[in-house]
Amino acid sequence: MKKKILIVGGGTAGTMTANNLVNKLMPEINREEVEITLISNSAKHVYRPGAMYVAFNKAAGHEFIRDQRSLLMMEIDFHVDAAVEINSNANYVKGESGTKYHYDFLILATGCEVAADRIPGLAEGGDWFYSYEGAKKIAQKFHNLKKGRVVVTINFPKTPDIPHQCGIAPVETTMMLHDYLTERGVRDDIEIIYTYPRIAQTVEDGLFLQTPTSNVLPMIFDGINVKHKRSFTLNKVDPDKKIAYSEEGEELEFDILMSTPPFIAAKVIRDSGLSQAQDDEGWLPTNKHTLKVEGLDNVYTLGDTVDLSVSKAGGTIHNQTDIVADNIAAEIRLGYPTESYDGKVIAVAQMGLSCGMPLWYDYEEDVAPTPCSKFGSFVRLGFNKGLYWAAARGML
Ligand SMILES: Cc1cc2nc3c(=O)[nH]c(=O)nc-3n(C[C@H](O)[C@H](O)[C@H](O)COP(=O)(O)OP(=O)(O)OC[C@H]3O[C@@H](n4cnc5c(N)ncnc54)[C@H](O)[C@@H]3O)c2cc1C
């Protein structure tokens, strides 16, 4: 009987995995033994890191958005339909349209979303670059800012040892901000204060979520006159007085609050009953090696939805997607999965407007900061402009 593979979510994880599955299962697809369906709640595909460049007036935004269909191999059956129900007993996902999509294998790749309302006053008083709308708003503010103070704050999920989206983004954007204000000739009149919460996964009272980077950041920030403050866990914002308050009892006045807001999983996942994450955050319980949802033998997940301690980043997905695709292909052909995820993440961080820093790490080894260079930035900007689309198509 034909095997049905259903992917929910047309972002980085869903798109790469759908295309990789076609590549790996082409003989079975040609013999009509396998069918691959992807449903997404949007006809557009968004390259999310592009928003960082929009925030500093280095891109308009449309460059990073494509039609989802144009990124998918023709063998993939694509529907714009928001998943509203996951029934893992009867093996179907129901769409907003009322359609029931039945599956033999399911891949949940619905990412995560900003939940700024979880911090009182943050939605009104804060700004962030984790969406294109937010990035455009903060870009205007940065353009108009001539003097004052920018405070950077970062929130982690309440569920222990889970990162926020893209761990390095707050550091990247702090350095991009320094370069942007320098370029505009106003840097000397603007104070930048980078704060970090008391608990960042397993690191306490640090400046980053992994110790080696946390240890070198003071030197990097001191070199560009960025002030840094540990143990500032944002818990309230007064949007009228423009004051950020911490759980630890401190307060900081700001002109712009550049925030990494709280994140939660997509509503359909939070409503599914599959997650027991704290505070209804919805992270899916994921086997760190097989990438199956715990307790469900035919359901895989990857990307920002998982409850793993690894970075919620494209550089993570790039290393997870083949594990999921290979394992499903092996299950269909051999009856058992063959691959195991080792926690690998590979990325090039944008450390300022023209410096790129290659990073790699896994479950065993923390990230070690490497020299950042113009060549690194060339690779990163090349990834933004073209290589990402090749990666999404499963060609890289
Ligand atoms: C500003 C910023 C900077 C970043 N910088 C980097 C970086 O430098 N390096 C790096 O590696 N990563 C970076 N990232 C992180 C990276 O973009 C994400 O980790 C990645 O996009 C996550 O992919 P995903 O497929 O899990 O989720 P997404 O790409 O968010 O895709 C989720 C998809 O699911 C769809 N969906 C949601 N709900 C439903 C539903 N109910 N039914 C159907 N479809 C649904 C959405 O429309 C979307 O298409 C950055 C992210 C941001 C925002």
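Located above this text is the structure these notes cover.
A brief structural summary. (Residues numbered from 1 in each chain as written. Predicted model: local features only at pLDDT ≥ 70, side-chain atom pairs only at ≥ 80, totals over all residues. Heavy atoms only, no water.)

1. A short note on the sheet that holds strand β15 (residues 227-229)
The parallel open sheet is built from 4 strands, whose spatial order is β15-β12-β11-β19. At either end of the open sheet lies a strand with only one pairing partner, and these are β15 and β19 (256-260). The average angle at which neighbouring strand axes cross in this sheet is 20°, direction not considered. With 5 bridges joining them, strand β11 (residues 148-154) and strand β12 (residues 190-195) adopt parallel strand pairing. Paired with V151 across the two strands is I193, which belongs to β12. On top of the sheet, helix α5 (residues 132-144) reaches β11 and β19; it is set at about 145° to β19, its chief contact. (Pairing = 2+ DSSP bridges. Helix = DSSP H or I, 4+ residues; strand = E, 2+ residues; numbered from the N terminus. Axes fitted to C-alpha atoms, helices over the stretch in contact; angles between N-to-C directions. Contact = heavy atoms within 4.5 Å.)

2. Topic: the pairing of strand β2 (residues 34-40)
Successive side chains on a regular strand alternate, one facing one side of the sheet and the next facing the other. Here β2 lies mainly inside the structure; 6 of its 7 residues are buried. Of the pairings in the sheet, the one linking strand β1 (residues 3-8) to β2 comprises 6 bridges and is parallel in character. For K4, the partnering residue across the bridge sits in β2 and is E35. Each parallel crossover has a hand, and for β1 linked through helix α1 (residues 12-30) to β2 it is right-handed. (Buried < 20%, exposed > 50% of the residue type's maximum accessible area, 1.4 Å probe, protein only. Right-handed = clockwise from strand over helix to strand, strands pointing away.)

3. Some remarks on the state of the cysteines
Using the criterion set out here, one finds 1 disulfide in the structure. At a sulfur-sulfur separation of 2.2 Å, the disulfide partner of C355 is C372. Taking the sign of the S-S torsion, 105° for the link of C355 and C372, the bridge is right-handed. Of this pair, C355 sits in the loop between β22 (345-350) and β23 (356-361) while C372 sits in the loop between β23 and α10 (374-392), and the two are 17 residues apart along the sequence. No disulfide involves C112; its nearest neighbouring cysteine sulfur is the one of C166, lying 10 Å away. Here C112 falls in the buried class, since its relative accessible area comes to 16%. The class of C166 is partly exposed, set by a relative accessible area of 22%. (Disulfide = S-S within 2.5 Å.)

4. Concerning the nonpolar core
Nonpolar side chains in soluble globular proteins tend to end up buried together. Ranked by internal contacts, the top residues of the largest apolar core, which has 125 residues, are I5 and Y194. For this core, the two domains that each supply at least three residues are domain 1 (3-111 + 266-344 + 388-392) and domain 2 (116-262). Filtering out sequence-adjacent residues up to four positions away, I5 remains in contact with L21, L25, V34, E35, I36, T37, F105, I107, I328 and I332. (Core = buried A, V, L, I, M, F, W, Y, C linked by side-chain atoms within 4.5 Å. Domains from an automatic or database assignment.)

5. As for the sheet that holds strand β16 (residues 234-238)
Across the sheet, 3 strands lie side by side as β16-β17-β18; this open sheet has antiparallel pairing. Each edge of the sheet is formed by a strand with only one pairing partner; in this case those strands are β16 and β18 (251-253). Geometrically, the sheet is characterised by an average inter-axis angle of 20° between neighbouring strands, direction not taken into account. In the sheet, β16 pairs with strand β17 (residues 243-246) via 4 bridges, with the strands oriented antiparallel. By the bridge assignment, V237 is partnered in β17 with A244.

6. Examining the site of the ligand
Residues in contact with the ligand amount to 32 residues; listed here are only the nearest, N41, R48, D304, G315 and R380. Taking G10, its main chain carries an N or O atom lying 3.4 Å from an oxygen atom of the ligand. In the complex, 93% of the free accessible area of the ligand, which totals 990 Å², lies under the protein chains. Of all the secondary-structure elements, those providing two or more residues to the shell around the ligand are α1 and α9 (314-334). Sorting elements by how many residues they give to the shell around the ligand places α9 first, with 3 residues. The residue makeup of the shell around the ligand, split by class, is 14 nonpolar, 12 polar and 6 charged. Each of domain 1 (3-111 + 266-344 + 388-392) and domain 2 (116-262) accounts for three or more of the residues forming the shell around the ligand. (Near = heavy atom within 4 Å. Polar contact = N/O pair within 3.5 Å; in protein donor to acceptor, adjacent residues only side chain to side chain. Areas by Shrake-Rupley, 256 points an atom, 1.4 Å probe, with all protein chains shown as cover. Nonpolar A, V, L, I, M, F, W, Y, C, P; charged D, E, K, R; others polar.)

7. Remarks on the pattern of salt bridges
Should their charged atoms come close, side chains of opposite charge can pair. Going through the model one piece at a time under the given rule, you end up with 22 salt bridges. For K58, the salt bridge identified is with E183, shortest N-O distance 2.5 Å. Here E183 lies in helix α6 (residues 169-183) and K58 lies in the loop between α2 (50-55) and β4 (65-67), a separation of 125 residues in the sequence. On the accessibility criterion, K58 (39% relative accessible area) is partly exposed. Given a relative accessible area of 52%, E183 falls into the exposed group. Via salt bridges that share partners, E28, R31, E33 and R333 belong to a single interconnected network. (Salt bridge = Lys/Arg side-chain N within 4 Å of Asp/Glu carboxyl O.)

8. Side note on unusual backbone geometry
Unusually for a residue other than glycine, Q201 sits at a positive phi of about 55°. Its place among the elements puts Q201 in the loop between β13 (199-200) and β14 (203-204). Look at D205: it is not a glycine, yet its phi comes out positive at around 55°. As for its position among the elements, D205 is in the loop between β14 and α7 (211-223). Overall, the relative accessible area of 39% leaves D205 in the partly exposed class.

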